[in-house]
Amino acid sequence: MRISFCGVRGSTPAPGKDFVRYGGHTSCVALTADGDDAPTLVLDAGAGLRKVTRMLDGAPFTGTILLSHLHWDHTLGLPFFAAADRADSRPTVLLPEQDSGADAVSVLTGVMQPPYFPITPTQLRGQWAFATLAPGEHRIEGFTVLAREIPHKGGRTYGYRISDAHSTFTYMPDHCPTALGPGEHGFGEYHPAALALAHDADLLVHDAQLFPEELAAEADFGHAVAEYSIELARLAGTHTVALFHHRYTRTDDELDELARRLAGDSPNVIVAAEDTQHEL
Ligand SMILES: [Zn+2]
Ligand SMILES: [Zn+2]
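Conventions we followed
- Residues numbered from 1 in each chain as written.
- Chains lettered and ligands numbered in written order.
- Predicted model: local features only at pLDDT ≥ 70, side-chain atom pairs only at ≥ 80, totals over all residues.
- Heavy atoms only, no water.
- Axes fitted to C-alpha atoms, helices over the stretch in contact; angles between N-to-C directions.
- Helix = DSSP H or I, 4+ residues; strand = E, 2+ residues; numbered from the N terminus.
- Left-handed = near helix turned anticlockwise from the far one by under 90°.
- Contact = heavy atoms within 4.5 Å.
- Nonpolar A, V, L, I, M, F, W, Y, C, P; charged D, E, K, R; others polar.
- Donors = N, O, S within 2.8 Å, 3.2 Å for Na, K, Ca; no water.
- Buried < 20%, exposed > 50% of the residue type's maximum accessible area, 1.4 Å probe, protein only.
- Polar contact = N/O pair within 3.5 Å; in protein donor to acceptor, adjacent residues only side chain to side chain.
- Pairing = 2+ DSSP bridges.
- Right-handed = clockwise from strand over helix to strand, strands pointing away.
- Patch = residues over 30% accessible without salt bridge, like charges linked within 9 Å, V, L, I, M, F, W, Y side chains within 5 Å.
- Areas by Shrake-Rupley, 256 points an atom, 1.4 Å probe, with all protein chains shown as cover.
- Salt bridge = Lys/Arg side-chain N within 4 Å of Asp/Glu carboxyl O.
- Tetrahedral: all angles 85-135°; square planar, octahedral: opposite > 155°, others 65-115°.
- Arc of directions from axis to C-beta.

Each pair of packed helices can be summarised by the angle the axes make with each other and by the distance between the axes. Helix α6 (residues 252–262) packs onto helix α5 (residues 226–236) with a crossing angle of 35 degrees between their chain directions and a minimal axis gap of 11 Å. Seen from above, α5 lies across α6 with right-handed handedness. Within the contact between the two elements, α5 uses Ala-226, Glu-227 and Ile-230 and α6 uses Leu-258, Arg-261 and Leu-262. A breakdown of the residues in the contact of α5 with α6 according to their chemical character gives four nonpolar, no polar and two charged.

Shown next as structure tokens:
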């Protein structure tokens, strides 16, 4: 499969000259199956979702948008996905089953309706389908998808493990392991759901919003330190970890410094950058 980083920021977009090389769009990763030209499975609908339209090169989107959770930075691109907002599109949106039992359309309408936004999700053009997803293993767009609940803050959040016949990709953009305790290094617990999702994966895309010196003051916002991502990958036997969901204030120079500080061979560490692709 091919992984395309369309948006790598957390919380809010980060435009401007200090954010050019890593990019300013919020969370969105597109997956293209082996043998396909265009992505059919998109993880999260942050501002980066606009980039998937360009990847489709004039074609309508037929596929699934899989949401990790409902926070703004993971949904705000939905109404601006031009390849899906057209009469001949066939998008499906899947989101975590809610504790309240609310259906997918009601949940999404919560972030997209007047007076907060001009239209509701069901007013987008095309043949849209909306559904909730239970934890567990599913077959989606030809991929095997394992959904497990992971700690974050404010709303149920899933991490996803996505496999085809020969590779595995794990996506945990928003994760607060300190919610379960300090763990061995003070960066949070290496808990069973995180280890199962990342086990022997070829690529782990993981929350790296915080630097260690920020953890004490900001852990309550629901995110992880970059160091946790790397130790999780090491414990889980992951080949490569991509640091993701960069804080919106983190400049290109600061992310270069992060890459230098945490570079390693086992696991291989990369700092996710918008408009880069990875073949698994
Ligand atoms: Zn987020
Ligand atoms: Zn979040």
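Turning our eyes to something else, we now look at the coordination of the zinc ion (ligand 1). The textbook angles at a metal center are 109.5 degrees for a tetrahedron of four donors and 90 or 180 degrees for an octahedron of six. Within the first shell, the zinc ion (ligand 1) binds the protein through Asp-73 (OD), His-74 (NE2), Asp-174 (OD) and His-245 (NE2), at distances of 2.1 to 2.2 Å. Sequence positions of the residues that donate to the zinc ion (ligand 1) give the spacing D-H-x99-D-x70-H. A separation of 3.4 Å is found between the zinc ion (ligand 1) and the zinc ion (ligand 2), which share Asp-174 as a coordinating residue. Taken as a pair, Asp-73 in the loop between β4 (62–66) and β5 (90–96) and His-245 in the loop between β12 (240–244) and α6 lie far apart in primary sequence, 172 residues in all. Assessed through its relative accessible area of 6%, Asp-73 is described here as buried. What makes His-245 buried here is its relative accessible area of 0%.

Now for the environment of Val-107. Among the secondary structure elements, Val-107 is positioned in helix α2 (residues 104–109). Val-107 sits in the buried class, given a relative accessible area of 16%. Among all residues touching Val-107, those that are not within four sequence positions of it are Leu-70, Leu-95, Gln-98 and Ala-102.

Here we come to the side chain of Ser-68. One can find Ser-68 in the loop between β4 and β5. A distance of 2.9 Å separates polar atoms of two side chains, one belonging to Ser-68 and the other to His-69.

Counting buried positions over the five residues of β4 gives four, a clear majority of the element. Where strand β3 (residues 41–43) lies against β4, three bridges are found, and the strand directions are parallel. Bridge pairing in β4 places Val-42 opposite Ile-65. Regarding the hand of the β-α-β motif, the stretch spanning β3, helix α1 (residues 50–56) and β4 is right-handed. Summarising the sheet, β4 and β5 pair through five bridges and their orientation is parallel.

Time to look at the pairing of strand β11 (residues 203–207). Burial runs high along β11: five of the five residues are buried. Examined bridge by bridge, strand β10 (residues 168–172) and β11 share four bridges and lie parallel to one another. Directly across from Thr-170, in β11, lies its bridge partner Leu-204. Regarding topology, helix α3 (residues 192–198) serves as the crossover connection from β10 to the parallel β11, and that connection is right-handed. Pairing of β11 with β12 involves five bridges; the strand directions are parallel. Directly across from Asp-207, in β12, lies its bridge partner Phe-244.

This part is about a nonpolar patch on the surface. Taken together, Trp-72, Leu-76 and Val-111 make up a surface patch of nonpolar side chains, about 310 Å² in accessible area. A relative accessible area of 30% means that Leu-76 is categorised as partly exposed.

The zinc ion (ligand 2) binds to the protein through His-69 (NE2), His-71 (ND1), His-152 (NE2) and Asp-174 (OD), with metal-donor distances spanning 2.1 to 2.5 Å. Here the zinc ion (ligand 2) is ringed by four donor atoms whose angles at the metal span 89 to 172 degrees, and the overall shape comes out irregular. When the donor residues of the zinc ion (ligand 2) are listed from N- to C-terminus, their spacing reads H-x1-H-x80-H-x21-D.

Looking at the secondary structure, you find Gly-24 in the loop between β1 (2–7) and β2 (28–32). Separated by 13 residues in the primary sequence, Gly-24 and Asp-37 have C-alpha atoms spaced 25 Å apart. If we skip the residues at most four places from it in the chain, Gly-24 touches Arg-9, Pro-13, Ala-14, Phe-19 and Glu-274.

Residues separated by three or four positions in an α-helix point in the same direction, a consequence of the helix having 3.6 residues per turn. A large share of α5 lies buried, amounting to nine of its eleven residues. Within the sequence span of α5, burial applies to Ala-226, Glu-227, Tyr-228, Ser-229, Ile-230, Glu-231, Leu-232, Ala-233 and Ala-236. Buried residues along α5 sit in contact with β10, α3, β11, β12, α6 and β13 (268–271).

Listed as buried for α6 are Asp-252, Leu-255, Leu-258 and Leu-262. Viewed end-on, α6 has its buried residues packed into an arc of 115 degrees, placing them on one side of the element. Set apart from the buried face of α6 by more than 90 degrees, the exposed residues are Asp-253 and Arg-260. Contacts made by the buried residues of α6 are with α5, β12 and β13.

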